[in-house]
Amino acid sequence: MTNHATDFQPPIPAIPLFGQSWYERGFGYWTKRALISIALGILLLLSIVFIWAVVATIIEKASSWPRIVLLLLVIGGISWSHYVGFKQVRTRNTTPASNTAAGSAGLVTGAAAYGGSGIAGGLILIGQIFVVGWITANFVYSLRRYISPFEVRAVQQMREWFTQHPEVPNNQRPKQFQQ
């Protein structure tokens, strides 16, 4: 009598950026996850440095009442940025169809700043106030158990498949799908 349980191979869906590596969650998967988190962490640190430059300039150059108003505007912008950033990333992670392509206005402003436009360089610094929340949200979400809605959906599909095929022994399942 042959054991047919070893003949069963689940249909492992491929997800963007990770392919099928999410299934076994091996070294390649965790390396990609770590690189994504490190890159987002570096972006977050750079954003914080840029914001600090804006705040330091305000503190140094503005007089008493305008300084308070400008600092309150910066705090309001950062708070709004975090609210919108976390809301947007949470929505994207629950409904990936809501993903939209990023605009290119930032690239144009960056090119102008690189070309020597002081106004564009200042806009990049001020713009960090409104981008830091999105970067923070993506960094936080990169540290969660599943990095994308595609991975969540793939895991759910595999759990359903293993539920429908209880004959597959526990020791032949990846660790995340063992009972």
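Note that the structure is a prediction, hence the values are computed from the model and not measured. (Residues numbered from 1 in each chain as written. Predicted model: local features only at pLDDT ≥ 70, side-chain atom pairs only at ≥ 80, totals over all residues. Heavy atoms only, no water.)

The next subject is the pattern of salt bridges. Tallied over the entire structure, the rule returns one salt bridge. As a salt-bridge pair, Arg 25 and Glu 151 come within 3.1 Å of each other at their nearest N and O atoms. One end of the pair, Arg 25, is in the loop between α1 (21–24) and α2 (27–61); the other, Glu 151, is in helix α6 (residues 149–164), and 126 residues separate them in sequence. Considered together, Arg 25 and Glu 151 belong to a single accessibility category, that of buried residues. (Salt bridge = Lys/Arg side-chain N within 4 Å of Asp/Glu carboxyl O. Helix = DSSP H or I, 4+ residues; strand = E, 2+ residues; numbered from the N terminus. Buried < 20%, exposed > 50% of the residue type's maximum accessible area, 1.4 Å probe, protein only.)

Another point: the environment of Leu 71. Following the sequence through the fold, Leu 71 ends up in helix α3 (residues 64–94). Leu 71 sits 17 residues away from Val 54 along the chain, and the two C-alpha atoms are 9.5 Å apart. Here Leu 71 is in contact with Val 55, Ile 58 and Ile 59, once residues within four sequence places are set aside. (Contact = heavy atoms within 4.5 Å.)

Among the secondary structure elements, Ile 135 is positioned in helix α5 (residues 118–142). Given a relative accessible area of 6%, Ile 135 falls into the buried group. With 46 residues separating them along the chain, Ile 135 and Val 89 place their C-alpha atoms 9.7 Å apart. Sequence-distant contacts of Ile 135, defined by excluding residues within four places in its chain, comprise Leu 40, Leu 43, Leu 44 and Ser 47.

On to α3. The end-to-end C-alpha distance of α3 is 45 Å, a good match for the 45 Å that 31 residues give at a rise of 1.5 Å each. Residues of α3 that are buried include every one of Val 74, Gly 77, Ser 81, Gly 85, Val 89 and Asn 93, and no others. (Expected span 1.5 Å × (residues − 1).)

So, on to the packing of aromatic side chains. Two descriptors summarise a pair of aromatic rings, namely the distance from one centre to the other and the angle between the planes of the rings. A full pass over the atoms with the stated rule returns eight aromatic pairs. The interplanar angle of 85° and the centroid separation of 5.9 Å between the aromatic rings of Trp 22 and Tyr 23 together place this pair among those described as edge-to-face. Accessibility classification places Trp 22 together with Tyr 23 in one group, the buried group. With centroids separated by 5.4 Å and ring planes inclined at 35°, the aromatic side chains of Phe 162 and Phe 177 adopt a geometry described as tilted. A residue pair is termed long-range when its members are at least 10 positions apart, and Phe 162 in helix α6 and Phe 177 in the segment after α6 qualify at 15 residues. Taking relative accessible area as the criterion, Phe 162 reaches 3% and is therefore assigned buried. (Phe/Tyr/Trp six-rings, centres within 6.5 Å; stacked < 30°, edge-to-face > 60°.)

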